[in-house]
Amino acid sequence: MPIENWTEWPAREALAKVGVPRRRLVMTWVVRVVLSAWFVWGVLREGAFHGWGYAALAAGFALGAAAVWGYYRTTLARRLPSSMALLAVLATLGAAAEAAAGAHVASSGLWCVGAAVAVERLPLGPGLAAAALPLGAYAGTSGKAPAATAATVAAVLLIGYALRLDEEARGAGFRLLAQERAIRQAEAESAALAERARIAREIHDVLAHSLSAQLVHLEAARLLIEGGVPEGEAREQVLERVSAARGMARQGLAETRQALSALRGEMTPVEEYLRDVAEAEGVRLEVAGEPRALPAEAGLAVRRVAQEALTNVRKHAPGARVEMAFTYLEREVELWVRDSGASGRVGKPEVPGAGYGLLGMRERAELLGGTLEAGPAVAGGPGFHVRLKVPA
C-alpha cells in the first residue's frame, strides 16, 4: 500500500457527510440513539454503580458524548493533536470506569467506540495507532476466551474500516458530481462563447460586405460634389450614388436580420433561397440530390458564398452568363457557381482588394470542416468559378 494511504485524511466531503440523503441521516441518528440507550441499559443492568455512582455515571456519559462531538469537529478540521487528545479522554473514561467501579460494560463500550471512530476518521496510520491502546486495554480486562476477545477486536476494527470506506466512496462520488457540474458549466459557457463568435462572424460578414459597397458609392458622390462636373449632371449622379448607398444599407440590414434568423433556425430552406436569388439575378440554377434540412451554419455558408460569388460577377464580369448548381451529397452539400467571363477579366480579379470576400468564405468553410475553391473556369481562359463543399 502506498505510504500516502497511511497518512492522508479522509476527504472533507466524507467527514462532513456531504451529499448524504436526509433519510439516511435520520436513520443514522436513530441507530445512534438506539445504541446509546442499549449501552446505558447494559451499564445499569451490570449493577456496578450505586448511590452517588449514578451521578458519576451521568457525568461520565455527558463527558464522553462531548468528547465524541468534539472529536467529529476536530477531525473535520483535520487537527490531529486535538483529535488524539479527545480519543485519550474516551480511553481515560473507560479506564476510570473499570478501575473505580469495575464497570466492564462501560469501559468496553468506551474503548470500542474510541477505537472504531479512530480508524474511521483519522489517517489510517495514526488511526490504527490510536485504536491500539483502547483495544489493548479491552483485551487485557476482558473475561472472555481469547478467541472471543480477538473476534471482538477484529470486529471493531472492521466496523471502523468499513465506515471509513463507505464515507470515502460517498466523498469520491460527491467530488465526481461536483466535477461533472463544473464540466457542464464550462461546456455551457463554451457553447455561449461559440454562439457569440458565430453571431459576431455573421454580422461582420454582412456589415463588411454592405458597408464597403456603401463607401464606394458615397466616395463617388463626394468626388462628384468636389469636382467640376456641371450642376445638373452632378446632381443626378450624386442622387444615383446616394440612392445606391441607401439601398445597400437596407440590404445589409435585411441580411443581418436573415443571419440572426438563420442562427435561430427560422430561415427559409437553402434551396428555396437559391431559387429566389437565381430568379432575381437571371442565373441558371440546377439542384440535384435528395433535399434535406441543413444545419444553420452550413446553410449560412452556402448563402454567403452564393452572395459573394454573384457580387464578384457583378463587379468584375458584368453581363456575363452565370450558372449555379447546388447538390445534396451523402454527408455534405456542394455549391458551384461559374460565369462565362467578360472582356478584361482573365482568371483572378484584377481589381485591387478583390477576392477578400472569397478569402473570408474559404476561412468560414474550413471552420466547418469544408473546402472552397475559386479560380479560372478554364486554365488561361475567360470565366471564373467558385466551388463550396461543407458537411451537412
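What counts, and at which threshold
- Residues numbered from 1 in each chain as written.
- Predicted model: local features only at pLDDT ≥ 70, side-chain atom pairs only at ≥ 80, totals over all residues.
- Heavy atoms only, no water.
- Pairing = 2+ DSSP bridges.
- Helix = DSSP H or I, 4+ residues; strand = E, 2+ residues; numbered from the N terminus.
- Axes fitted to C-alpha atoms, helices over the stretch in contact; angles between N-to-C directions.
- Expected span 1.5 Å × (residues − 1).
- Buried < 20%, exposed > 50% of the residue type's maximum accessible area, 1.4 Å probe, protein only.
- Arc of directions from axis to C-beta.
- Parallel < 35°, antiparallel > 145°, perpendicular 65-115°, else oblique.
- Left-handed = near helix turned anticlockwise from the far one by under 90°.
- Contact = heavy atoms within 4.5 Å.
- Nonpolar A, V, L, I, M, F, W, Y, C, P; charged D, E, K, R; others polar.

*Asks:* Help me understand the sheet that holds strand 2 (residues 322-328) in this model?
*Replies:* The mixed open sheet is built from 5 strands, whose spatial order is 1-2-3-5-4. In the strand order of this sheet, the two ends are held by strand 1 (284-288) and strand 4 (371-376), each with one partner. Here the average twist between neighbouring strands, direction ignored, is 10°.

*Asks:* Just checking my understanding: could you explain helix 10 (residues 270-281) for this structure?
*Replies:* Because an α-helix completes one turn every 3.6 residues, residues spaced three or four positions apart along the sequence face the same direction. In this model helix 10 runs 16 Å from its N-terminal to its C-terminal C-alpha over 12 residues, within 8% of the 16 Å that 1.5 Å per residue would give. When we look at burial in helix 10, the residues that qualify are Val270, Glu271, Tyr273, Leu274, Val277 and Ala278. Each buried residue of helix 10 lies within a common arc of 160° when the element is viewed along its axis, so the set occupies one face. Looking at helix 10, the residues exposed on the side facing more than 90 degrees away from the buried face are Glu279 and Ala280. After helix 10 finishes, the residue Gly282 shows a positive phi value of roughly 70°.

*Asks:* Sorry, what's going on with the packing of helix 10 against helix 11 (residues 296-316) here?
*Replies:* The relative placement of two packed helices is expressed as an angle between their axes plus a distance between the axes. Contact geometry of helix 10 with helix 11 gives a least axis separation of 10 Å together with a crossing angle of 10°. The orientation of helix 10 with respect to helix 11, classified from their angle, is roughly parallel. Handedness of the crossing formed by helix 10 with helix 11: right-handed. Counted together, Val270, Tyr273, Leu274, Val277 and Glu281 of helix 10 and Gly299, Val302, Arg303, Ala306, Gln307, Leu310 and Arg314 of helix 11 form the full contact between these two elements. Residues that form the contact of helix 10 with helix 11 fall into these classes: 7 nonpolar, 2 polar and 3 charged.

Remember that the coordinates give geometry; whether it matters functionally is a separate question.
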